[in-house]
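# Residue-level structure breakdown
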Amino acid sequence: MNSKPHKRFPWLWHWLALFVIVAFAFAPIGSVTLCAAIANAYGCKLDEGSVHPCIINGHDYGELLYSLGVMGWFMLVTIPGGLVAFVSWLIFLILHRVARRKHMSAGIPPPIPAPPATA
């Protein structure tokens, strides 16, 4: 009988990877939402056709707001890329769980990484 307790499944790293994937995929939506909120709050005109002046506290932020708004087009790349990354993450998670379950049912503890070599 093995008296050593088994380490728990590393859910934290899997959830962290999922968070990074979702943040990457939806970042352009956040950019457009922030841009629209600022423009609406200060009564500025905003469109994708050209830069319009937007004076906030004496400074013109029209070009910055225009850039933030146009960054929404990155969704054409980040949403499909996020979908591919999510499917890859899900496959890796399933394979990791299955391999770990096989090791646990066979009574083999998870592998311990080798210590770094010293010269």
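Everything in this summary refers to the structure shown in the same document. (Residues numbered from 1 in each chain as written. Predicted model: local features only at pLDDT ≥ 70, side-chain atom pairs only at ≥ 80, totals over all residues. Heavy atoms only, no water.)

### What to know about the packing of helix α1 (residues 11–41) against helix α2 (residues 62–70)
Any two packed helices are characterised by the angle at which their axes cross and by the distance between the axes. Put simply, α1 and α2 touch, their axes get as near as 7 Å, and they point 145 degrees apart. Between α1 and α2 the crossing geometry is left-handed. Each of S31, V32, C35, I38 and A39 in α1 lies in contact with α2, whose residues at this interface are L65, L68 and G69. Of the residues assigned to the contact of α1 with α2, the class counts are six nonpolar, two polar and no charged. (Axes fitted to C-alpha atoms, helices over the stretch in contact; angles between N-to-C directions. Helix = DSSP H or I, 4+ residues; strand = E, 2+ residues; numbered from the N terminus. Left-handed = near helix turned anticlockwise from the far one by under 90°. Contact = heavy atoms within 4.5 Å. Nonpolar A, V, L, I, M, F, W, Y, C, P; charged D, E, K, R; others polar.)

### Focus: the nonpolar core
Counting seven residues, the largest nonpolar core consists of C35, A39, C44, C54, I56, L65 and L68. When residues of this core are traced back to their parent elements, those giving at least two are α1 and α2. Look past the residues within four positions of I56 in its chain and what remains in contact with it is I38, Y42 and Y61. If you look at the next biggest cluster of nonpolar residues, it comprises five residues, including F9, L18, I21 and L93. (Core = buried A, V, L, I, M, F, W, Y, C linked by side-chain atoms within 4.5 Å. Buried < 20%, exposed > 50% of the residue type's maximum accessible area, 1.4 Å probe, protein only.)

### Topic: a nonpolar patch on the surface
Together, L83, F86, V87, L90, I91, I94, L95 and V98 line one region of the surface with nonpolar side chains, adding up to about 700 Å² of accessible area. Tracing the backbone shows I91 in helix α3 (residues 75–105). (Patch = residues over 30% accessible without salt bridge, like charges linked within 9 Å, V, L, I, M, F, W, Y side chains within 5 Å. Areas by Shrake-Rupley, 256 points an atom, 1.4 Å probe, with all protein chains shown as cover. Salt bridge = Lys/Arg side-chain N within 4 Å of Asp/Glu carboxyl O.)

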